[in-house]
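# Structural description and commentary
Each chain is listed here by its residues.
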Amino acid sequence: MANSKYEYVKTFEQPDNLLSRTWIVIRIDGRGFTKLCSRYGFEKPNDRRAIDLMNSAAQCVMKDIPDLLLAYGVSDEFSFLFHKDCTLFQRRSNKLVSTIVSTFTGYYVHLWTNFFPDKPLIPPLPSFDGRAVLYPDVTSLRDYFSWRQADCHINNLYNTSFWSLIQKAGLDARAAEKRLSGTVSKDKHEILYAECDGMNYNREPDVFKKGSVLYRSFELESRHALLGSSETSAPETPTPQSKTVAEKDRKRRLKATVAIEHIDIIQEDFWNQRPWILSGKTGRLPDDNAKEKS
Ligand SMILES: Nc1nc2c(ncn2[C@@H]2O[C@H](COP(=O)(O)OP(=O)(O)OP(=O)(O)O)[C@@H](O)[C@H]2O)c(=O)[nH]1
Ligand SMILES: [Mg+2]
């Protein structure tokens with residue numbers, strides 16, 4: 001078909017492919033959630049229903065987009081990870097970010113009534129912004145997730161202390177803020193114990209203290225030692241895959257259970273015990289390979 005005289009406007013579109021061989025993190029964040037949380041009366045400082053809703057929406061995103069390796073969420077934000085060799089949408093930034101944001105928002109709204117059956121959603125509806133950030137190596141990528149989890153810990157300790165001073169010690173917001181001003185972590189632990197009915201911060205639920213990490217478990221936790229790798233980095237050269245192998249990999253990813261855990265991702269253990277996350281492998285075992293050949 002002949003081009004129309006208007007076709008030239010396409011040349012105004014700029015390429016936005018993300019740099020190859022770099023890890024892609026897409027972080028989304030709730031827009032105006034301070035207001036939304038008070039409009040729907042979320043419990044302070046943490047509302048378990050709100051957290052479970054965020055986690056369920058993220059789990060659906062992971063299930064819909066098999067290329068995703070991991071997601072980490074806290075408060076009104078979620079970070080989604082793509083492998084450095086991922087070629088989804090030719091790594092076009094706008095397409096990746098808008099797909100994650102809209103898929104997440106769609107599920108968040110869709111699942112709302114499961115978690116807040118007595119609070120129907122009315123406009124303005126929840127919305128999320130998103131950005132893509134690239135990390136050149138596993139060290140900076142791990143530092144990114146450590147940064148988010150350290151932030152979760154710092155904010156949660158502050159918020160727990162602040163709201164406990166109000167709810168348990170009877171201070172008003174100004175007095176609570178003043179009481180906490182200039183305090184370090186150890187002081188907050190002491191304030192909680194001495195001034196807030198003997199609260200022990202360490203006994204607070206991990207979901208509040210550590211946030212939530214989602215990854216494909218491939219039903220392999222008990223067998224992962226068979227993969228024979230404790231490396232946290234991917235091999236330098238990507239292994240070329242035949243179409244059928246790639247398709248099987250995709251199916252395996254789609255079928256895999258997406259686990260939700262509230263554990264430390266700053267230390268080595270999390271990554272060492274789940275080498276398939278950063279290797280991008282689906283955890284195929286030697287006997288599976290044999291089956292494929294026969
Ligand atoms: N009460 C309550 N508030 C929460 C909970 N989770 C997140 N929030 C609130 O959500 C807000 C998230 O922070 P921000 O993303 O910086 O604030 P925001 O209002 O969303 O602003 P923008 O992201 O800039 O649009 C904070 O005010 C949190 O207190 C929760 O479980 N309970
Ligand atoms: Mg926000």
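The structure under discussion appears in the preceding block.
This write-up is about the structure you can find in this document. Every chain is numbered independently, its residues counted from 1 as its sequence is written. Naming scheme: in the order in which they are written, chains are lettered from A and ligands are numbered from 1. Totals for whole chains, interfaces and linings use all residues, but because this is a predicted model, local features are given only for residues with pLDDT of at least 70 and pairs of side-chain atoms are given and counted only at 80 or more. In computing side-chain properties, one takes all heavy atoms of the structure into account and sets aside hydrogens as well as water.

### As for the pattern of salt bridges
A pairing counts as a salt bridge when a side-chain nitrogen of Lys or Arg comes within 4 Å of a carboxyl oxygen of Asp or Glu. Following the criterion strictly, the structure yields 12 salt bridges and no others. The closest approach of N and O atoms between Asp 85 and Lys 84, which form a salt bridge, is 3.8 Å. Given the relative accessible area of 23%, Asp 85 is considered partly exposed. Salt-bridge contacts for Lys 209 lead to Asp 206; the nearest nitrogen and oxygen are separated by 3.6 Å. Here Lys 209 pairs with Asp 206, and both are found in helix H7 (residues 206–210), just 3 residues apart, close to one helical turn. Relative accessible area decides the class of each residue, using a 1.4 Å probe on protein chains only: under 20% of the type maximum gives buried, over 50% gives exposed, and in between gives partly exposed. In this structure Lys 209 comes out as buried when scored by relative accessible area, which is 12%. Helix and strand assignments come from DSSP, with helices taken as H or I runs of at least 4 residues and strands as E runs of at least 2, each series counted from the N terminus.

### What to know about the packing of aromatic side chains
Stacked, tilted and edge-to-face are the three classes applied to pairs of Phe, Tyr and Trp rings, where Trp contributes its six-membered ring and a pair requires centres within 6.5 Å; stacked means planes under 30 degrees apart, edge-to-face means over 60, and tilted covers the rest. Scanning the model with the defined rule gives 23 aromatic pairs in all. Judged by centre distance (6.3 Å) and plane angle (65 degrees), the rings of Tyr 8 and Phe 12 are edge-to-face. For Tyr 8, a relative accessible area of 52% gives the class exposed. Owing to a relative accessible area of 60%, Phe 12 belongs among the exposed residues under this scheme. A centroid spacing of 6.5 Å and a plane angle of 50 degrees characterise the contact between Tyr 215 and Trp 276, whose relative ring orientation is tilted. Taken as a pair, Tyr 215 in strand E5 (residues 212–216) and Trp 276 in helix H10 (residues 276–279) lie far apart in primary sequence, 61 residues in all.

### Here's the deal with the pairing of E5
Counting buried positions along E5 gives 5 out of 5 residues, so the element sits mostly inside the fold. Where burial is concerned, the two faces of E5 agree: the one with Ser 212, Leu 214 and Arg 216 and the one with Val 213 and Tyr 215 are both buried. Taken together, the 4 bridges between E5 and strand E6 (residues 258–261) define a ladder with antiparallel strand orientation. From the neighbouring strand, Leu 214 faces E6, where its bridge partner is Ile 260. Strands are treated as partners if at least two bridges between them are detected by DSSP.

### Considerations on the site of ligand 1
Throughout this document, a residue counts as near a molecule or strand when at least one of its heavy atoms sits within 4 Å of that molecule or strand. Lining the immediate surroundings of ligand 1 are 15 residues, of which Asp 29, Gly 32, Phe 33, Thr 34 and Asp 47 lie closest. Polar contacts, as counted here, are pairs of nitrogen or oxygen atoms within 3.5 Å of one another; within protein the pair requires one atom able to donate a hydrogen and one able to accept it, and residues that are adjacent in sequence qualify only if both atoms are side-chain atoms. One of the side-chain N or O atoms of Thr 34 is found 2.5 Å from an oxygen atom in ligand 1. Take Asp 76: an N or O atom from its side chain is 2.9 Å from an oxygen atom of ligand 1. For ligand 1, whose accessible area on its own is 640 Å², the fraction buried by protein is 64%. Of all the secondary structure elements, the ones that give two or more residues to the shell around ligand 1 are strand E1 (23–30) and helix H1 (33–39). For the shell around ligand 1, the element with the most residues is H1, which contributes 3 residues. Residue polarity follows a fixed list, in which Ala, Val, Leu, Ile, Met, Phe, Trp, Tyr, Cys and Pro are nonpolar, Asp, Glu, Lys and Arg are charged, and the others, Gly among them, are polar. A class-by-class count of the residues in the shell around ligand 1 yields 4 nonpolar, 5 polar and 6 charged. Each accessible area value is a Shrake-Rupley result obtained with a 1.4 Å probe; residue values ignore everything except the protein chains displayed when judging cover.

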